[in-house]
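Geometric and topological summary
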Amino acid sequence: MAQKRSALVLINQKSGTVRTLGPDVVKANVEKALSGAFEPLAVELVDGDVTTRAQAAAKSKECDIIIAGGGDGSISSVANVLRDSTIILGALPLGTMNTFVQDLGFSPKLELALQQLADARVTEIDAGEINGRLFLHQVSFGVQPRMARLRERLGYKSRFQKMLGAARAYLAIFRRPQNLHVNVKAGETEHEISAPFVAVTNNPAALPKQARALDQGILGFYVVHSISASSILRLAAAFLTGKLDEAEQFDRATSAALTMEARARRSFRIWGIAKKPKSIQSSIDGEVALLDFPVKMQSLPRALRVLSVAPQYAKTDLPVKKKARDAKV
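This one's a predicted model, so the numbers in the text were calculated from it and none came from an experiment. (Residues numbered from 1 in each chain as written. Predicted model: local features only at pLDDT ≥ 70, side-chain atom pairs only at ≥ 80, totals over all residues. Heavy atoms only, no water.)

Topic: the overall build of the protein chain
Across its full length, the protein chain holds 10 helices and 18 strands. By residue count, 48% of the 329 residues in the protein chain fall in the buried class. For the protein chain, long-range pairs separated by at least 24 residues make up 70% of all intrachain contacts whose partners lie at least 6 apart in sequence. Working note: accessible area of the protein chain is about 16,800 Å², and carbon and sulfur atoms make up 51% of it. (Helix = DSSP H or I, 4+ residues; strand = E, 2+ residues; numbered from the N terminus. Buried < 20%, exposed > 50% of the residue type's maximum accessible area, 1.4 Å probe, protein only. Contact = heavy atoms within 4.5 Å. Areas by Shrake-Rupley, 256 points an atom, 1.4 Å probe, with all protein chains shown as cover.)

Here it is as structure tokens:
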């Protein structure tokens with residue numbers, strides 16, 4: 001039987017599930033579910049940013065695996081720490097959307113995800129890079145970072161309140177939409193964009209009931225031209241019915257690398273000269289960040305070693321517990 005790997009679980013106390021269930025309950029559940037799968041196992045509660053603790057663990061090489069428990073932002077922060085490390089990344093769904101965790105085949109429900117994590121496999125997946133920083137799921141510009149900033153100002157104490165805050169923020173922005181004015185170069189093609197929402201994904205987005213493939217080595221590029229009620233409903237219907245290719249409300253493309261440049265705007269005139277903005281607000285895996293122009297994005301093929309249960313990631317160097325028990329019998 002293969003030797004068990006050591007694991008450090010870092011739980012973000014400010015994540016939605018922890019605020020709802022309580023930090024001590026979540027910690028106890030994690031310890032109970034994973035104590036037999038990893039040895040030794042350490043479970044720590046972190047007040048917010050998990051980066052500092054992950055950096056210390058990576059530098060000291062105190063464990064084989066670091067499991068980030070939080071939203072996509074917390075998991076992305078740990079991924080940035082591990083990009084040049086031999087330490088494996090694990091993830092638990094403690095956020096609101098848990099998109100990346102589900103991309104890896106895990107349930108969005110903590111109890112089920114813990115059972116799956118105990119039997120997970122090691123695989124290599126792509127990451128995206130934007131201005132030197134890794135992202136795992138999506139970077140967006142325009143509507144989404146505006147919503148995130150407003151939602152944080154409204155405050156929340158649970159996952160439900162966070163979702164309610166997001167709805168309130170959307171309605172506020174919906175009444176006063178603002179267009180981005182940028183040029184995006186994808187390969188040899190340059191797009192001149194004036195639109196309220198632009199998103200870039202680590203590999204193309206998946207349709208409902210389809211698993212996102214995280215090893216294609218490309219970025220997905222999406223531009224939504226309108227956030228009117230009718231256009232959003234039509235776009236949602238196209239997504240849910242698997243007919244995004246036919247939707248007229250947005251454009252999409254794929255590329256291994258993208259560059260975004262600012263365009264001069266009348267609202268930035270100084271002494272009669274139109275000025276280009278020097279930076280742009282973004283949402284990187286759910287975390288708001290200010291990025292300097294030009295914004296450079298690229299796919300980093302197989303940049304991370306992660307724990308996964310998604311069927312398309314079948315290669316493994318970490319035996320599944322059930323197989324080990326069968327072999328022992």
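Now that the structure is up, let's keep going.
Focus: the nonpolar core
Soluble globular proteins tend to pack their nonpolar side chains together in the buried interior. In this structure, V30, L34, I67, L89 and L304 are the most contacted members of the largest nonpolar core, which totals 53 residues. Excluding residues that lie within four positions of it along the chain, L304 makes contacts with A79, L82, R83, L89, T123, E124, I125, A127, L134 and L136. Of all hydrophobic cores here, the second largest spans 25 residues; its members include L180, A186, A195 and A289. (Core = buried A, V, L, I, M, F, W, Y, C linked by side-chain atoms within 4.5 Å.)

A word on the sheet that holds strand β11 (residues 219-224)
Taken together, 6 strands build an open sheet; the order of strands is β12-β11-β10-β7-β16-β17 and the sheet is antiparallel. Only two strands of the sheet have a single neighbouring strand rather than two, namely β12 (250-255) and β17 (287-292). Here the strands of the sheet are splayed against their neighbours by 25° on average, with no regard to which way each runs. Where β11 lies against β12, 6 bridges are found, and the strand directions are antiparallel. The residue bridging Y222 from the neighbouring strand is R252, located in β12. (Pairing = 2+ DSSP bridges. Axes fitted to C-alpha atoms, helices over the stretch in contact; angles between N-to-C directions.)

Some words on the pairing of β11
The element β11 is extensively covered by neighbouring structure, given that 6 of its 6 residues are classed as buried. Covered by surrounding structure in β11 are L219, F221 and V223 together with G220, Y222 and V224, the residues of both alternating faces. Sheet topology places strand β10 (residues 197-202) next to β11; 6 bridges connect them, and they run antiparallel. Following the sheet pairing, V198 is matched in β11 by V223.

Here we look at the packing of aromatic side chains
A full pass over the atoms with the stated rule returns 1 aromatic pair. Seen in terms of ring centroids, Y222 and F250 are 6.1 Å apart; in terms of plane orientation they differ by 20°. Their pairing is stacked. Note that Y222 is positioned in strand β11 and F250 in strand β12, a separation of 28 residues in sequence. This pair shows no difference in class: Y222 is buried, exactly as F250 is. (Phe/Tyr/Trp six-rings, centres within 6.5 Å; stacked < 30°, edge-to-face > 60°.)

Some thoughts on the pairing of strand β8 (residues 180-186)
If a strand is regular, its side chains alternate between the two faces of the sheet. Here β8 lies mainly inside the structure; 5 of its 7 residues are buried. With 7 bridges connecting them, β8 and strand β9 (residues 189-195) associate as antiparallel partners. The partner of N183 across the bridge, within β9, is E192. Counting the residues that bridge the hairpin from β8 to β9 gives 2 residues, and of these G187 lies at a positive phi of roughly 65°. Examined bridge by bridge, β8 and strand β13 (residues 257-262) share 5 bridges and lie antiparallel to one another. When the sheet's bridge partners are listed, A186 is paired in β13 with L258.

Focus: helix α6 (residues 110-118)
Turning to α6, its buried residues are L110, A113, L114, L117 and A118. Mapping the buried residues of α6 onto a view down its axis gives an arc of 135°, with all of them on the same face. (Arc of directions from axis to C-beta.)

Section: the packing of helix α2 (residues 23-34) against α6
For any two helices packed against each other, the geometry is given by the interaxial angle and the distance between the axes. Put simply, α2 and α6 touch, their axes get as near as 9 Å, and they point 30° apart. Judged on the interaxial angle alone, α6 and α2 are roughly parallel. For the pair α2 and α6, the crossing hand works out as right-handed. Counting all contacts with α2, which are made through V26, N29, V30, A33 and L34, the residues of α6 involved are L110, L114, L117 and A118. (Parallel < 35°, antiparallel > 145°, perpendicular 65-115°, else oblique. Left-handed = near helix turned anticlockwise from the far one by under 90°.)

Let's talk about unusual backbone geometry
Residue E39 is joined to P40 through a cis peptide bond whose omega torsion reads -5°. Between F293 and the following residue, P294, the backbone shows a cis peptide bond with an omega angle of -10°. Relative to the elements of secondary structure, P294 occurs in the loop between β17 and β18 (295-308). One non-glycine residue, K61, lies in positive phi territory at about 55°.

Points about helix α4 (residues 72-82)
Three or four residues apart is the spacing at which side chains of an α-helix point the same way, because the helix has 3.6 residues per turn. Where burial is concerned, most of α4 is hidden: 10 out of the 11 residues are buried. Of the residues making up α4, those classed as buried are D72, G73, S74, I75, S76, S77, V78, A79, V81 and L82.

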